Amino acid sequence: MSYMRCLLCVLAFNALPVLADEPITKSEVVVPAPGSVPGPALTEYYVGLNYSYFDLILPSKYGFSLGYIDSPKDTYEFEYLRASASIPVSVVKDLGSFSEVRMSLLDRHFFSEGSFNALWGLVYNSNKLEIGNTILSRIASQSIPHVEPLEVDTLGLVGGVGNRWRFSHGITFGVDWLSWAQPLIVIKKENQFRDLATNESDKNNIDTAVKALSYFPRISLLKLNLGITF
């Protein structure tokens, strides 16, 4: 009888579960938080070429843009445009050749993650007017070897609307349908000829040119830009 009891004790002992030396852990499934699923990488920079045929004061401006893409809806850009004309335009009639440089710091905001955008920011206009030989001949008797060009630099605000479409490989094409750059403050004004001129008509022409360059709005239509993001 005691033999049977010993056999039952041995069998019961062997039936007990064996505890492992290391704890058994269950595999964990990590569920990402809502909105944290990674998407395609956002490009950060933009480089583009610009051409603006319908532009005031001088048409056919060309230049470039450099941009930082802060988000799908906002791109901060530096824009540089310039134009020159050897044939006098109406606003500076009979005064000689004219060159214009426009530099802008822009926030380009896209709506509903589409191509339509509005732009606004600061604009710096630099204008240089070379006095023509016909007018200069009227002060030649004063033995002036060289008359410095008339220069007017202004600071103002700019705003506009446009579309910019994005294609494969980061290529972009855009049209700024309308933009308005309004000078507000005259930063620099050099007008040596005005002090030297003796002809009242010449002085009036110079005064008209200075006023126009200082506050005349710079309007552009259908400005084209071709660029790449990376």
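Description of the structure in this document. (Residues numbered from 1 in each chain as written. Predicted model: local features only at pLDDT ≥ 70, side-chain atom pairs only at ≥ 80, totals over all residues. Heavy atoms only, no water.)

## Looking at the overall build of the protein chain
Using the following cut-off: Every helix listed is a DSSP run of H or I at least four residues long, and every strand listed is a run of E at least two residues long, numbered separately from the N terminus. Whether a residue is buried, partly exposed or exposed follows from its accessible area with a 1.4 Å probe, protein chains only, as a fraction of its type maximum: under 20%, in between, or over 50%, in that order. Contacts are assigned to residue pairs that have any heavy atoms within 4.5 Å of one another. In this description, accessible areas are obtained by the Shrake-Rupley approach with a 1.4 Å probe, and a residue is regarded as covered only by the protein chains that are shown.
Within the protein chain, the regular secondary structure consists of four helices and nine strands. Its helices and strands in sequence order give the protein chain the pattern α-β-β-β-β-β-β-α-β-β-α-α-β, from N to C terminus. Out of the 230 residues belonging to the protein chain, those deemed buried represent 37%. Across the protein chain, contacts joining residues at least 24 apart in sequence account for 66% of those joining residues at least 6 apart. In the structure as shown, the protein chain presents an accessible area of about 14,300 Å², 64% of it carried by carbon and sulfur atoms.

## Observations concerning empty space enclosed by the protein
Selection rule: Residues are said to line a cavity or pocket when one of their atoms sits within 4 Å of a point; the points come from a 1 Å grid over protein atoms alone, cavities being sets where a 1.4 Å probe fits but cannot get out and pockets being open sets with protein on both sides within 12 Å along at least five of seven lines. Grid points are joined across faces, edges and corners, and a volume is the space filled by probe spheres set on the points. Polarity classes work like this: nonpolar for Ala, Val, Leu, Ile, Met, Phe, Trp, Tyr, Cys and Pro, charged for Asp, Glu, Lys and Arg, and polar for all others, with Gly in that last group.
What the rule picks out here adds up to two cavities of 30 Å³ or more. Space inside the largest cavity adds up to approximately 60 Å³. In terms of lining, the largest cavity is formed by 13 residues, of which the most central are Glu79, Arg102, Val158, Ser179 and Lys223. Going through the elements one at a time, β4 (74-85), β5 (98-110), β8 (171-190) and β9 (218-229) are the ones with two or more residues in the lining of the largest cavity. A class-by-class count of the residues in the lining of the largest cavity yields five nonpolar, three polar and five charged.

## With respect to the packing of aromatic side chains
What counts here: Between rings of Phe, Tyr and Trp, where Trp is taken as its six-membered ring, a pair exists when centres lie within 6.5 Å; planes separated by under 30 degrees are stacked, by over 60 edge-to-face, and by other angles tilted.
Enumeration according to the criterion identifies seven aromatic pairs in this entry. Seen in terms of ring centroids, Tyr45 and Tyr68 are 6.0 Å apart; in terms of plane orientation they differ by 55°. Their pairing is tilted. Placement of the pair is Tyr45 in strand β1 (residues 45-52) and Tyr68 in strand β3 (residues 61-71), with a sequence separation of 23 residues. With centroids separated by 6.4 Å and ring planes inclined at 15°, the aromatic side chains of Trp165 and Phe173 adopt a geometry described as stacked.

## Some words on the side chain of Asp107
Filter applied, for reference: Positive charges come from Lys and Arg, negative ones from Asp and Glu, while His and the chain ends are left out of the count. What makes a salt bridge here is a side-chain nitrogen of Lys or Arg within 4 Å of a carboxyl oxygen of Asp or Glu, nothing more.
Mapping Asp107 onto the fold places it in strand β5. Buried charge without a salt bridge: Asp107, with Arg108 as the nearest opposite-charge side chain at an N-O distance of 8.2 Å. Setting aside anything within four residues of it in sequence, one finds Asp107 in contact with Asp74, Thr75, Tyr76, Ala118, Leu119 and Trp120.

## Let's talk about the nonpolar core
Put simply, the rule reads: By nonpolar core we mean a set of buried residues, namely Ala, Val, Leu, Ile, Met, Phe, Trp, Tyr and Cys, connected to one another through side-chain atoms within 4.5 Å.
Grouped together as the largest cluster of nonpolar side chains are 17 residues, with contacts concentrated most on Phe98, Leu150, Phe193, Ile206 and Leu213. For this core, the elements supplying multiple residues, two or more each, are β4, β7 (150-166), α3 (192-196) and α4 (200-215). Take this core: its biggest share by element is four residues, from α4. Formed by five residues, the second largest nonpolar core is a distinct cluster that contains Leu106, Leu119, Val123 and Val158.

## Some thoughts on the pattern of salt bridges
Throughout the structure, instances matching the rule amount to twelve salt bridges. For Glu100, the salt bridge goes to Arg218, with nearest N and O atoms at 3.3 Å. Of this pair, Glu100 sits in strand β5 while Arg218 is found in strand β9, placing the two residues 118 residues apart along the sequence. For the pair formed by Glu100 and Arg218, the shared burial category is buried. Each of Glu77, Glu79, Arg108, Arg164, Asp176 and Lys223 takes part in one network of salt bridges that share partners.

## Looking at unusual backbone geometry
Ile57 follows Leu56 through a cis peptide bond whose omega is 10°. Note that Ile57 resides in the loop between β2 (54-55) and β3. Notably, Ser60 is not glycine yet its phi reads approximately 60°, a positive angle. Of note, Ser60 is situated in the loop between β2 and β3. Despite not being glycine, Leu222 has its phi angle at roughly 55°, a positive value. Here Leu222 shows up in strand β9.

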